[in-house]
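# An overview of the molecular structure
Listed below, chain by chain, are the residues.
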Amino acid sequence: MKKLISLLMCAVTLVMLAGCSKPEIIDKAKQALSTEPAKTTVSVTFPEGYTIAQTAALLEENGVCTKEDFLEAVNDVDQFDYDFIKDIKDRDKRAFILEGYIFPDTYEFYIGESAAKAVSRFLKNTDRKLTDEMYRKAEKLGYSMDEIITIASIIQKEAGIKKEMPKVSSVLHNRLNDSYNKLECDVTINYLKKYVIPFISGDDTDRYNEYYNTYKCQGLPAGAICNPGIDAINAALEPADTKYMFFVTDKTDTSKYYYAETYKEHLQNCKKAGWN
């Protein structure tokens with residue numbers, strides 16, 4: 001009987017190892033032979049639009065790694081080998097280099113794992129989400145994927161509902177293609193105030209204001225202002241076909257949007273929306 005059970009266990013093990021790579025088989029074998037107790041895991045969900053600062057706080061809250069270690073890891077990008085990271089320009093101008101690439105989703109972590117390992121989990125998922133078709137669409141629009149991620153992050157913060165995202169995207173694209181070339185989005189200032197300045201020190205405050213405040217800088221900010229979901233990324237790649245240059249949300253009903261082609265129309269919309 002014992003011999004039969006042993007044979008059955010071997011058969012089950014072979015089935016479980018089928019399709020595994022050599023390193024995975026070795027790892028599973030080590031786990032099976034180890035006398036150490038299994039590591040405790042935790043499942044954590046990160047909402048669309050979460051910033052790196054918010055992500056770091058949630059990881060610490062769940063016992064994965066400390067905020068400080070995570071914020072350090074997202075700026076130590078040379079340890080991660082992904083094409084989309086290699087394409088990130090002007091890294092010295094970014095508060096958190098990997099802002100935009102910590103894809104919102106539900107992840108399984110080990111309690112007490114390294115911040116670098118946690119970042120790797122996010123980046124592996126991001127790499128799966130950014131398809132070749134997306135890169136082709138970005139190139140057709142004349143943007144790098146990094147620029148698309150930045151646009152998507154603004155869409156994510158400006159358009160809380162999916163159906164408005166393509167129209168909000170059209171406003172951003174139209175402004176970027178206009179000679180005025182300023183986005184003037186309040187969400188970029190809010191990002192600085194809530195998710196950058198509290199986590200930096202010294203003279204960097206003024207420097208990042210220059211790079212991220214879209215009332216000051218021309219074109220796009222230095223980088224993403226949050227980690228956008230797939231709907232926002234798709235909207236950045238497929239803006240609605242409009243001539244809109246302005247939009248405003250209703251003061252009491254944030255699901256209601258008003259769009260305008262001219263500043264005069266925009267002022268009228270602001271009154272309709274209850275802002276003055």
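Bear in mind that the values here come from a model prediction, so they are computed numbers and not experimental data. (Residues numbered from 1 in each chain as written. Predicted model: local features only at pLDDT ≥ 70, side-chain atom pairs only at ≥ 80, totals over all residues. Heavy atoms only, no water.)

## Section: the overall build of the protein chain
Across its full length, the protein chain carries 13 helices and four strands. The buried share of the protein chain, taken over its 276 residues, is 43%. A separation threshold of at least 6 residues defines the contact pool for the protein chain, and within that pool the share at least 24 residues apart is 65%. (Helix = DSSP H or I, 4+ residues; strand = E, 2+ residues; numbered from the N terminus. Buried < 20%, exposed > 50% of the residue type's maximum accessible area, 1.4 Å probe, protein only. Contact = heavy atoms within 4.5 Å.)

## Notes on the nonpolar core
The biggest cluster of nonpolar side chains holds 73 residues, and the ones touching the most others in it are Phe-70, Leu-98, Phe-109, Leu-123, Ile-151, Ile-155 and Tyr-212. Sorting elements by how many residues they give to this core places helix 8 (residues 145-158) first, with seven residues. Beyond its immediate chain neighbours, meaning those up to four positions away, Tyr-212 contacts Lys-93, Arg-94, Ala-95, Thr-188, Tyr-191, Leu-192, Cys-217, Pro-221, Ala-222, Gly-223, Ala-224 and Ile-225. (Core = buried A, V, L, I, M, F, W, Y, C linked by side-chain atoms within 4.5 Å.)

## Side note on the environment of Glu-68
With respect to the secondary-structure elements, Glu-68 resides in helix 4 (residues 67-73). Taking the C-alpha atoms as reference, Glu-68 lies 9.4 Å from Phe-199; in sequence the two are 131 residues apart.

## As for the packing of aromatic side chains
When we look at a pair of aromatic rings, we describe it by the centre distance and by the angle of the planes. Counted according to the given criterion, the structure contains 16 aromatic pairs. On the basis of an interplanar angle of 75 degrees and a centroid distance of 5.0 Å, the ring pair of Phe-46 and Phe-122 is categorised as edge-to-face. Here Phe-46, found in the loop between strand 1 (41-45) and helix 3 (52-61), pairs with Phe-122, found in helix 6 (residues 115-129); they are 76 residues apart in sequence, far enough to count as distant. Across the pair, Phe-122 and Phe-46 agree in class, each one buried. On the basis of an interplanar angle of 25 degrees and a centroid distance of 5.1 Å, the ring pair of Tyr-244 and Tyr-259 is categorised as stacked. Separated by 15 residues along the polypeptide, Tyr-244 in the loop between helix 12 (230-237) and strand 3 (246-249) and Tyr-259 in strand 4 (residues 257-260) bring together distant segments of the chain. Given a relative accessible area of 24%, Tyr-244 falls into the partly exposed group. Residue classification places Tyr-259 among the buried residues on the basis of a relative accessible area of 14%. (Phe/Tyr/Trp six-rings, centres within 6.5 Å; stacked < 30°, edge-to-face > 60°.)

## What about the environment of Ala-115?
By the secondary structure assignment, Ala-115 is in helix 6. When the C-alpha atoms of Ala-115 and Thr-66 are compared, they prove to be 7.6 Å apart, with 49 residues separating the residues in sequence. Ignoring sequence-local partners within four residues, the contact set of Ala-115 consists of Cys-65, Asp-69, Phe-70 and Ala-73.

## Observations regarding helix 12
All buried positions along helix 12 are accounted for by Ala-232, Ile-233, Ala-235, Ala-236 and Leu-237. If you follow the buried residues of helix 12, they end up packed against helix 7 (132-141), helix 8 and helix 9 (165-177).

## Thoughts on helix 13 (residues 263-272)
Inspection of helix 13 places His-266, Asn-269 and Cys-270 among the buried residues, and these make up the whole buried set. Taken down its axis, helix 13 places every buried residue within 105 degrees of arc, on the same side. Opposite the buried face of helix 13, at more than 90 degrees from it, the exposed residues are Lys-264, Lys-271 and Lys-272. (Arc of directions from axis to C-beta.)

## Looking at the pattern of salt bridges
Applying the stated criterion across every chain, the model contains eleven salt bridges. Residues Lys-86 and Asp-81 are paired through a salt bridge, measuring 3.2 Å at the closest nitrogen-oxygen approach. Across the pair Lys-137 and Glu-238 runs a salt bridge, and its minimum N-O distance is 2.2 Å. Of this pair, Lys-137 sits in helix 7 while Glu-238 sits in the loop between helix 12 and strand 3, placing them 101 residues apart in sequence. Take Lys-137: its relative accessible area is 26%, and that puts it in the partly exposed class. Overall, Glu-238 belongs to the partly exposed group, its relative accessible area being 43%. Through salt bridges that share partners, Asp-81, Asp-83 and Lys-86 make up one connected network. (Salt bridge = Lys/Arg side-chain N within 4 Å of Asp/Glu carboxyl O.)

## Topic: the packing of helix 8 against helix 12
Closest axis-to-axis distance for the helix 8/helix 12 pair is 8 Å, and the angle between their directions is 120 degrees. Note on packing geometry: the crossing formed by helix 8 with helix 12 is right-handed. Residues Ile-148, Ile-149, Ile-151, Ala-152, Ile-155 and Gln-156 of helix 8 touch helix 12, and the partners they reach there are Ala-232, Ile-233, Ala-235, Ala-236 and Leu-237. Of the residues in the contact of helix 8 with helix 12, the class split is ten nonpolar, one polar and no charged. (Axes fitted to C-alpha atoms, helices over the stretch in contact; angles between N-to-C directions. Left-handed = near helix turned anticlockwise from the far one by under 90°. Nonpolar A, V, L, I, M, F, W, Y, C, P; charged D, E, K, R; others polar.)

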